[in-house]
Amino acid sequence: MDILTYLKDNIVYLDGGTGTLLQNAGLTPGEFPETWNILHSDIIQKLHRDYFDAGANIVCTNTFGANCLKFTENELEDIISAAIKNARTGAQQSTGKQQKFVALDIGPSGRLLAPYGDFDFEDAVETFAKTVRLGVKYGADLILIETMNDSYETKAALLAAKENSSLPVFVSNAYGEDGKLMTGASPEAMCALLEGMGADAIGVNCSFGPIQLMPIIKKLLAVSSVPVILKPNAGLPKSVDGKTIYDVAPEEFAKSVSQMLKEGVRVAGGCCGTTPEYIKALVNLSKDTAPVEITKKNLSVISSYTHAVDFKNRPILIGERINPTGKKRFKQALMENDIDYILKEGVSQQEKGVQVLDVNVGLPDIDEANMLKTCVSELQSIIDLPLQIDTSDTFALETALRRYNGKAMINSVNGKQESMDAVFPLVKKYGGLVVALTLDEGGIPETATGRLAVASKILNEAKKYGLGVCDLIFDPLAMAVSADKNAAKTTLESVRLISENLGANTVLGVSNVSFGLPSRDSINSVFFACALENGLSAAIMNPYSAKMLETYYSYRVISGLDDNCTCYIENLSSAPKPTENTSVSEVDADLGTSLNRAILKGFKEDAAKITEKMLKTYEPLSIINNYVIPALDSVGKGFEEKTVYLPQLLMSAETAKAAFEEIKLAFSGTSQKDKKCAVVIATVKGDIHDIGKNIVKLLLENYGFSVSDLGKDVPCEKIAEEAVKLHAPIVGLSALMTTTVPQMEETIKLLRKCAPWCKIIVGGAVLTQEYADSIGADKYAKDAMESVRYAESINNSLN
């Protein structure tokens, strides 16, 4: 029986932790656990056997960090081959009578993907693909992608798994205390992305104990149409006599996880700190629990890298201005590759309140596929709205969908067989909510019933790809009333019929109705109101139109969708509104205010140009202290308050860096007395994960610190040597894995001996304040901004 067949009618039990057990068996700090598949195969086989004996259905191979960034290709093949063989041997030796499966375990790469880091998306896909292909070659039953804290890297791993195997794929993410991934994704956003791409089960693992993960699990259960995975830690870690222990006992763990099985979790096991004893307690306590039926939620959702937009929360506004049609300045921007202009257009529409941005860059004289990919990537680097990818070029569509971080809206497919044959496979592969135009080989039907018939035809074809009505949003096509006096009536009737007969969502390009007429906003706003009354779900519209926004907010009030009329009051004030193509410099005449805005919004080119102008009249330190640092502080405060997410923080830091570069070009630099103290940072021995460290480095440098970055997998002796050499007042240590945290303690002990003056900051996914205290650190920083704040306090104390 294969795992998916078994999963249909049964609760599936996973194994528990590996790293802590290997430490107890003699794994030394800095040693790669994956090498034990070969060096100590008997220990690994016993570990797997013990989990199967405890009642686990699935054991994960000891390959969490096995990738080509860490091992040569020959080493990687030897490790994965041995790992799968060890798991199979453990299954054969087990006395357990339950169904048994072997999962190829894939963890994060340890690299941050572009545009926030230096790891290209396709390089990430290929890195994971090499591991997947070996897992298939040596006979894994399924793939488990786990502990991912970045939605983009999760997509890369899942895409690699789907493109290089036909194995079932389970995906589990590591959420922070705010209930989101490190890069900002909510559980609902991850569900939209992963379900859209065809993950067979989704869930959460690591970070916390079962009780702390319950809110995330409940959110996933509310929206997921596939089995949900729960794989918590054994509580929170602390160090006792050099060993990592956890504060939740097996019985307490089993009680909490069993309760979530009763609420709908279908796949359960343990992560850091859990042992076969934990899994045995869970299996024994929940053996009589009947699996809760998994229901299709049929949600029409799209997502960005932070959040999902559900079209049941109608009406949804889609900004139409990133489109060259009828826009001379936008066409010029495309021809000149003026990406900053396009980004400003996106930011301006976001500020006007749209929930989705349409992105259309189709011009005959440009490389549309490359431009669309660039615009999608650049827009997502500074804006957290979901995007509607708008193109008739199938190659350009796939290029953009592949790079899109989330589940996109796709514009469009139509009833022509050629169109459906081209677009639906892409929707199936990458996920998406696809706009379906009600036209086919016969053209646009003149009647509402004719358009309903085309919609039904498209829906029936979509079902052949496993897509449902929730994956489509129908556009009955607004036609110009100047050419046909009944055009609006036919479209409105089509909206109603499609909504009522198919139970489908609908969307219109509203402004088409007034083509060729004066005072178009008047007609557009009335037509919009009528369409909403007939059930319209979303409108592609001009967000700079005051009348359209008045109609939108007024409709929400009248329909009981705006509690206390709050949105109406907040958005329809008498404040002056910028014109549709207002630039940053026009909004803010003051250069300092303009620089502040550029940093806040991530406009790197603007920041550089404004700084260059300011240097003609301002002292460089005045620019840094009065404008750049306050802007960074503002973004940092938003990050700390969870109103700004990591991607925005990083892009603001990169933008501030652009301003600093201009200052460096014009001046030799600040005097020595104005420089801040030296900071040594490193990821400890045995750990190749340096995302958190690199983020801290970027921010510290922007705040004026002199940072010596020793990289990853750094021996404690080298860290101590650098601290002594620089007489650094601060050392920052990072570790992601439970197996490498003890090396952090060894490094601290050596620093206390060699550099007793320095303050030591520690950070990483598996750390807590209590753990940091137990290993002798001076500061536990839960995020990058907390590291900066602490470094500032130390620097100030030196002056």
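Relevant structure appears above.
Residues numbered from 1 in each chain as written. Predicted model: local features only at pLDDT ≥ 70, side-chain atom pairs only at ≥ 80, totals over all residues. Heavy atoms only, no water.

Chemist: Quick question: what am I supposed to make of the pairing of strand β5 (residues 169–173) here?
Modeler: The side chains of a regular strand alternate, residue by residue, between the two faces of the sheet. With respect to burial, β5 is a largely interior element, five of its five residues being buried. Alternating positions in β5 separate into two faces, V169, V171 and N173 on one and F170 and S172 on the other, with burial throughout. Since strand β4 (residues 142–148) and β5 lie parallel, the crossover through helix α7 (residues 151–164) that links them has a hand, and here it is right-handed. Sheet analysis places β5 next to strand β6 (residues 201–205), joined by four bridges and oriented parallel. (Buried < 20%, exposed > 50% of the residue type's maximum accessible area, 1.4 Å probe, protein only. Helix = DSSP H or I, 4+ residues; strand = E, 2+ residues; numbered from the N terminus. Right-handed = clockwise from strand over helix to strand, strands pointing away. Pairing = 2+ DSSP bridges.)

Chemist: I would appreciate a short explanation of helix α29 (residues 741–754) in the present structure.
Modeler: Spacing of three or four residues puts side chains on the same side of an α-helix, whose turn is 3.6 residues. The end-to-end C-alpha distance of α29 is 20 Å, a good match for the 20 Å that 14 residues give at a rise of 1.5 Å each. Taken together, the buried positions of α29 are V741, P742, Q743, M744, E745, T747, I748 and L751. (Expected span 1.5 Å × (residues − 1).)

Chemist: It is not clear to me how the pattern of salt bridges should be interpreted in this structure. Could you clarify?
Modeler: Where charged atoms from two side chains of opposite charge come close, those side chains can pair. Throughout the structure, instances matching the rule amount to 36 salt bridges. For D118, the salt bridge identified is with R111, shortest N-O distance 3.4 Å. In this structure, the salt-bridge partner of E351 is K601, at a minimum N-O distance of 3.2 Å. Highlighted residues: E351 in helix α13 (residues 339–351) and K601 in helix α23 (residues 591–601), separated in sequence by 250 residues. On the basis of relative accessible area, K601 is assigned to the partly exposed category, the value being 27%. It is possible to trace a salt-bridge network through shared partners that takes in E122, E163, E398, R402 and K429. (Salt bridge = Lys/Arg side-chain N within 4 Å of Asp/Glu carboxyl O.)

Chemist: For this particular structure, what's the right way to read the pairing of strand β17 (residues 433–437)?
Modeler: Buried residues dominate β17, accounting for five of its five residues. Here β17 shows no split at all, with L433, V435 and L437 on one side and V434 and A436 on the other all buried. Sheet analysis places strand β16 (residues 409–414) next to β17, joined by five bridges and oriented parallel. Paired with M409 across the strands is L433, a residue of β17. Bridge count between β17 and strand β18 (residues 472–475): four bridges; the pairing is parallel. Looking at β18, one finds that A436 is bridged to F474. Between β17 and its parallel partner β18, the chain crosses via helix α17 (residues 448–463), and the hand of that crossover is right-handed.

Chemist: What is the right way to read the sheet that holds β5 from this model?
Modeler: In sheet architecture, strand pairing relies on hydrogen bonds along the backbone and comes in two forms, parallel and antiparallel. Strand order across the open sheet formed by eight strands is β1-β10-β7-β6-β5-β4-β3-β2, with parallel pairing between neighbours. Every other strand in the sheet has two partners, leaving β1 (12–13) and β2 (58–60) as the edge strands with one partner each. Of the pairings in the sheet, the one linking strand β7 (residues 228–231) to strand β10 (residues 267–268) comprises two bridges and is parallel in character. Note on β10: the bridge partner recorded for I229 is V267.

Chemist: Is there a simple way to think about the packing of α7 against helix α8 (residues 187–197) in this case?
Modeler: Axes are the key here: two packed helices are described by the angle between their axes and the distance separating the axes. Packing of α7 against α8 brings their axes to within 11 Å, and their N-to-C directions diverge by 15°. Accordingly, the angle class assigned to the pair α7 and α8 is roughly parallel. Of the two elements, α7 crosses α8, and the hand of that crossing is right-handed. Seen from α7, the contacting residues are S151, T154, K155, L158, L159 and K162; seen from α8, they are M190, L193, L194 and M197. Considering only residue class, the contact of α7 with α8 consists of six nonpolar, two polar and two charged. (Axes fitted to C-alpha atoms, helices over the stretch in contact; angles between N-to-C directions. Parallel < 35°, antiparallel > 145°, perpendicular 65-115°, else oblique. Left-handed = near helix turned anticlockwise from the far one by under 90°. Contact = heavy atoms within 4.5 Å. Nonpolar A, V, L, I, M, F, W, Y, C, P; charged D, E, K, R; others polar.)

Chemist: Any chance you could explain empty space enclosed by the protein here in plain terms?
Modeler: Going through the model one piece at a time under the given rule, you end up with two cavities of 30 Å³ or more. Reported here for the largest cavity is a volume of approximately 400 Å³. Lining of the largest cavity is provided by 28 residues; of these, T18, G19, F64, E146 and C272 occupy positions nearest its centre. Taken together, the residues that form the lining of the largest cavity break down as 10 nonpolar, 13 polar and five charged. Lining the second largest cavity are T63, F64, A66, N67, D105, I106, G107, F128 and T131. Mapped onto the lining of the second largest cavity, the elements with two or more residues apiece are β3 (101–106) and α6 (121–137). (1 Å grid on protein atoms, 1.4 Å probe; cavity = no way out; pocket = protein on both sides within 12 Å on 5 of 7 lines; lining within 4 Å. Points joined across faces, edges and corners; volume = space filled by probe spheres on them.)

Chemist: How should the packing of aromatic side chains be read in this particular structure?
Modeler: The full count for this structure, using the stated rule, is eight aromatic pairs. Relative to Y278, the ring of F253 has its centre 5.4 Å away and its plane inclined at 85°; by these criteria the two rings are edge-to-face. Taken together, the residues F253 in helix α10 (residues 250–262) and Y278 in helix α11 (residues 276–286) connect sequence positions 25 residues apart. In this pair, the class of F253 matches that of Y278, namely buried. Between Y618 and Y627 the ring centres are 5.7 Å apart and the planes differ by 85°, which places this aromatic pair in the edge-to-face class. Between R111 and the ring centre of F119, over which it is positioned, the NZ or CZ distance is 4.5 Å. Its end group placed over the ring of F639, K642 keeps NZ or CZ at 5.5 Å from the ring centre. (Phe/Tyr/Trp six-rings, centres within 6.5 Å; stacked < 30°, edge-to-face > 60°. Lys NZ or Arg CZ within 6 Å of the ring centre and 35° of its normal.)

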